[in-house]
Amino acid sequence: MSGLHIGVHIALVWICLSTIVEGAPVVPDADPAEVTDFYQLFNNPDAHLSLATAPTTLDYITEHGYPAERHYVTTEDGYIISLFRIPYSHNLQNEDQQRPIAFIQHGLFGSSDGWPCLGPDDALPFLLSDAGYDVWMGNARGNRYSRNHTSLSTKHPNFWRFSWHEIGYFDIAASIDYTLSTENGKGQTGIHYVGHSQGTTVLFALLSSRPEYNAKIKTAHMLAPVAFMDHMDDIMVNTLSPYLGLNNAYSRLFCSQEFLPHNDFVLALMYNICRTGSVVSNFCSSSNDNTTQEGRTNKTASNMLVGVMPAGVSTDQILHYMQEHQSGHFREFDYGTKRNLKYYGTETPADYPTEKITCEMHMWYSDNDEMAAVEDVIRLSVTIPNAIMHHMEDPLWDHGDFAMNWEVRYYINDPIIAIMNKHEAENPQ
């Protein structure tokens, strides 16, 4: 399941559980045997998930013999984010050669863990490394690898006052600059970028807000692009957005905090909620169940991620998406009229000027994507001067398939690498 998809489903489950537990009437004279024991209901003894023993991106990489590094990058606004790197291929032994840079960014609720878990035969980081690239994997502020700040603790609410706008504007910008500042990056004009779901949104936000970064992108590959969202056909988003969309009591209460903290309790809770037979399992993604049953999804890789997702996000990231869904705009975070006047000087936030996105932008989209509707992707693409469309012919290809389909190498990864290679051949450093 994609990060954005799992995020909205988790949000609805959380709201429903809160309603069940906190809103259920108390019946003093009820027979104890008839009263639901919620602790027993969600205390599955088979769920023994622990962050202390959870593998890291370094583990996913090194277990296949590839070299791995972790780098810490400080953003302009003081967040300290982690980047993981496969500097060269142990199969090619090309560490002494200059290698073009490829940067990969995860979706909502995810982390860099999601990229290498498919293994060396299918995962994009390994394939890129063996194609001669210097591979970097980003981590957005607030997730399990990027929970530090130069002055703020994660316990302080100000730490969580960010949406995906700040992830793009600050985190992605800092990551690009950092990769180009390394010894291998010096002398290179730019990087190749791959993003999935929220990993596409943040680049759209960056390149339209800070158009000078277009010159630092050789090719960009947007897997399931998410910007405009008003045609999204997802029951969970349609259910949540009236409550968590534009300004109302629910959104004000929900904003600027950590959503489902990355800890053992949350991991066990989500395991039990979505297990077969759970009384609320219907709130989990039905499309994910279908793709697994039909043999479309790499179940081994999906199971590997159970112990490391959700990786941690701010509630403002979810709110920002809900605002997009309700407003029909692709624009900055809506704080409400009074605060908008303070932050932006206008009553409503401005739309992102996507016509300023001038780099070579490849848009990979499908008819069955419940989170990135074809109409919304096309609406965005016509505003981007150098958009190149890649329509998935498989009628069943959905949002999660871009990351976890058994044939993702054939349909996505190999074609992306071919485009990168062509660019490198035509534009030698």
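Residues numbered from 1 in each chain as written. Predicted model: local features only at pLDDT ≥ 70, side-chain atom pairs only at ≥ 80, totals over all residues. Heavy atoms only, no water.

*Asks:* Run through the packing of aromatic side chains, naming residues and quoting values.
*Replies:* Scanning the model with the defined rule gives 20 aromatic pairs in all. When the ring of Phe84 is compared with that of Tyr145, the centres are 4.8 Å apart and the planes differ by 75°; the resulting orientation is edge-to-face. Taken together, the residues Phe84 in strand S2 (residues 79-86) and Tyr145 in the loop between strand S4 (134-137) and strand S5 (148-149) connect sequence positions 61 residues apart. On the accessibility criterion, Phe84 (0% relative accessible area) is buried. Chaining the aromatic ring pairs together yields one cluster made of Trp164, Phe228, Tyr321, Phe330 and Tyr352. For the cation-ring pair, Arg210 lies above Tyr169, with the distance from its terminal atom to the ring centre recorded as 4.5 Å. (Phe/Tyr/Trp six-rings, centres within 6.5 Å; stacked < 30°, edge-to-face > 60°. Helix = DSSP H or I, 4+ residues; strand = E, 2+ residues; numbered from the N terminus. Buried < 20%, exposed > 50% of the residue type's maximum accessible area, 1.4 Å probe, protein only. Lys NZ or Arg CZ within 6 Å of the ring centre and 35° of its normal.)

*Asks:* Any details on the pairing of S4? Residues and values, ideally.
*Replies:* The alternating pattern of S4 places Asp134 and Trp136 on one face and Val135 and Met137 on the opposite face, and all of these are buried. The pairing of strand S3 (residues 101-105) with S4 spans 4 bridges and is parallel. The partner of Ala102 across the bridge, within S4, is Val135. Traced from S3 through helix H4 (residues 124-130) to S4, the parallel crossover comes out right-handed. (Pairing = 2+ DSSP bridges. Right-handed = clockwise from strand over helix to strand, strands pointing away.)

*Asks:* Break down the pairing of S2 for me, with residues and values.
*Replies:* When you tally the buried positions in S2, you get 7 out of 8 residues, the bulk of the element. From the end of strand S1 (residues 69-74) to the start of S2, which pair antiparallel, there are 4 residues, and Gly78 there has a positive phi angle of about 95°. In terms of strand pairing, S2 meets S5 through 2 bridges, oriented antiparallel. Following the sheet pairing, Ile80 is matched in S5 by Asn148.

*Asks:* A description of the environment of Gln198 should follow, citing residues and the corresponding values.
*Replies:* Structurally, Gln198 is set in helix H6 (residues 198-209). Looking at Gln198, the relative accessible area reads 1%, which means it is buried. It is 9.6 Å that separates the C-alpha atoms of Gln198 and Gly168, two residues lying 30 residues apart in sequence.

*Asks:* Run through helix H5 (residues 164-181), naming residues and quoting values.
*Replies:* Its 18 residues place the ends of H5 24 Å apart at the C-alpha level, agreeing with the 26 Å of an ideal helix rising 1.5 Å per residue. At Asp171, H5 shows its largest bend, some 25°. Of all 18 residues making up H5, 14 are buried, and the element is well covered by its neighbours. Where H5 begins, the side chain of Ser163 points an oxygen toward the backbone nitrogen of His165, at a separation of 3.1 Å. (Expected span 1.5 Å × (residues − 1). Bend = angle between axes of the 7 residues up to and from the residue. Polar contact = N/O pair within 3.5 Å; in protein donor to acceptor, adjacent residues only side chain to side chain.)

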